[in-house]
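Coordinate analysis (summary)
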Amino acid sequence: MERSNSQTSRLSQLSVVSITSEKPRETNFENPPHELLQNNGKVSSDPPKGGPQNVARITNAVMYGTINSILTIPTMYGYAVILFSHKDFVDFMPALSKLVIFSSVVHQVMFTLMSSLPFSIGQVQDAGVIFLSAMSTSICDSLGNDVPLEAKVTTSIIIIGIATASLGVCLVVMGKLKLAALASYLPMPVIGGYLAFIGIFCLYAGLALCTGLVVNDMESMISVFGNAHNVLLCVPGVLGGAFLLVVSQRYDNSLILSAAIMIMPIVFFFIMLD
């Protein structure tokens, strides 16, 4: 019993220090949602059984699910614009955006049912989006103008699905063979350049969402700033991004960031009504 109490006190003093801000921020785990230690002194992730505990567990699950939905659903629309950035997809964007969100739902269901990490969040990631975007754009260009748009959309979706499934198989094989350590041999400049390249695509998607235009390269991005009306349309997006950046850097509470995301469209439409 003394050993268990000692380990519990040690766990209660654990903290996580953020490296994303200038000043270290600590997150204290003194009040975990459920006990991590059993009487035998072994760490366990199984929540205690009982009425009040189950209610608290369900409440926490709903709360975290709501927060994650608020944070990730807007991101999915941006990823949809990156994935289907070719001009042939413009008329199908509402349906394609819903398809991306549905894909994220499938991700989350599989994570919830099969993942050994209870905190995992399933969503379409930005790391592979630029490759899928290049594939869909290449398909539309190679099929030419004689092929119906519906055929281009269908072909792109099928190819993207096959490519994603193939990547999943490769990741499973790498995990089984314990080859994940090979990723550590990638030079940091390569990783940094790749992440910067992803940022450029996110910038394209943001401008496209603000203006309703097709922005998928440097030339189309420059043309956006050549029109005063388009620049005015981009102002709310730039201000909103700066606002979220400040909030995320100053506050460590996810509820505050979620509230900020929800307040932004309310303020926007309130200003538009005036």
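Residues numbered from 1 in each chain as written. Predicted model: local features only at pLDDT ≥ 70, side-chain atom pairs only at ≥ 80, totals over all residues. Heavy atoms only, no water.

Looking at an unreviewed UniProt entry, the protein carries the name SLC26A/SulP transporter domain-containing protein, with the source organism given as Phytophthora nicotianae. Under the Subcellular location (unreviewed entry) heading, UniProt states for the protein: "Membrane". (UniProt positions renumbered as here; feature names shortened; annotations may be inferred.)

1. Remarks on the environment of Asp91
Relative to the elements of secondary structure, Asp91 occurs in the loop between α2 (51-83) and α3 (93-114). Classification of Asp91 as exposed rests on a relative accessible area of 65%. A C-alpha to C-alpha distance of 9.2 Å links Asp91 and Leu149, two positions 58 residues apart in sequence. (Helix = DSSP H or I, 4+ residues; strand = E, 2+ residues; numbered from the N terminus. Buried < 20%, exposed > 50% of the residue type's maximum accessible area, 1.4 Å probe, protein only.)

2. Quick look at helix α8 (residues 228-250)
Compared with an ideal rise of 1.5 Å per residue, which puts 23 residues at 33 Å, α8 spans 33 Å between its outermost C-alpha atoms and is within 8% of the ideal. The complete set of buried residues in α8 reads Asn230, Cys234, Gly240 and Val247. (Expected span 1.5 Å × (residues − 1).)

3. Thoughts on the UniProt feature "transmembrane region" (unreviewed entry) in the protein
Here, the residues flagged by UniProt with the feature "transmembrane region" (unreviewed entry) are residues 61-84, 156-174, 194-215, 227-248 and 254-273. Its end C-alpha atoms 33 Å apart, residues 61-84 is made of 96% helix and 0% strand. For the annotated span residues 227-248, helix accounts for 95% and strand for 0% of the residues, and the straight-line distance between the end C-alpha atoms is 32 Å.

4. A look at unusual backbone geometry
In the Ramachandran plot, Lys178 falls in the positive-phi region, its phi being about 55° despite a non-glycine side chain. Within the secondary structure, Lys178 is located in the loop between α5 (149-176) and α6 (188-211).

5. Some details on the nonpolar core
Formed by 28 residues in total, the largest nonpolar core has its most connected members in Leu83, Phe84, Phe89, Met93 and Val215. Every element with two or more residues in this core is listed here: α2, α3, α4 (129-143), α5, α6 and α7 (218-224). Aside from chain neighbours lying at most four places away, what touches Phe89 is Phe84, Leu96, Ser136, Cys140, Val153 and Ser156. (Core = buried A, V, L, I, M, F, W, Y, C linked by side-chain atoms within 4.5 Å. Contact = heavy atoms within 4.5 Å.)

6. Some points on the packing of aromatic side chains
One pass over the full model with this rule turns up five aromatic pairs. A centroid spacing of 5.2 Å and a plane angle of 70° characterise the contact between Phe84 and Phe89, whose relative ring orientation is edge-to-face. Considered together, Phe84 and Phe89 belong to a single accessibility category, that of buried residues. In this structure an aromatic cluster arises from ring pairing among Phe197, Phe201 and Tyr204. (Phe/Tyr/Trp six-rings, centres within 6.5 Å; stacked < 30°, edge-to-face > 60°.)

7. Re α5
Along an α-helix, residues three or four apart share an orientation, since each turn contains 3.6 residues. For α5, spanning 28 residues, the distance from its first C-alpha to its last is 41 Å, which sits close to the expected 40 Å at 1.5 Å a residue. Among the residues of α5, those classed as buried are Lys152, Val153, Ser156 and Ile160. After α5 finishes, the residue Lys178 shows a positive phi value of roughly 55°.

8. Focus on a nonpolar patch on the surface
Together, Leu99, Phe102, Val105, Val106, Val109, Met110, Phe111, Leu113, Met114 and Ile157 make up a nonpolar patch on the protein surface, roughly 910 Å² of accessible area in all. Ranked by residue count, the leading element in the nonpolar patch is α3, at nine residues. Summarising the element assignment, Val105 is placed in helix α3. (Patch = residues over 30% accessible without salt bridge, like charges linked within 9 Å, V, L, I, M, F, W, Y side chains within 5 Å. Areas by Shrake-Rupley, 256 points an atom, 1.4 Å probe, with all protein chains shown as cover. Salt bridge = Lys/Arg side-chain N within 4 Å of Asp/Glu carboxyl O.)

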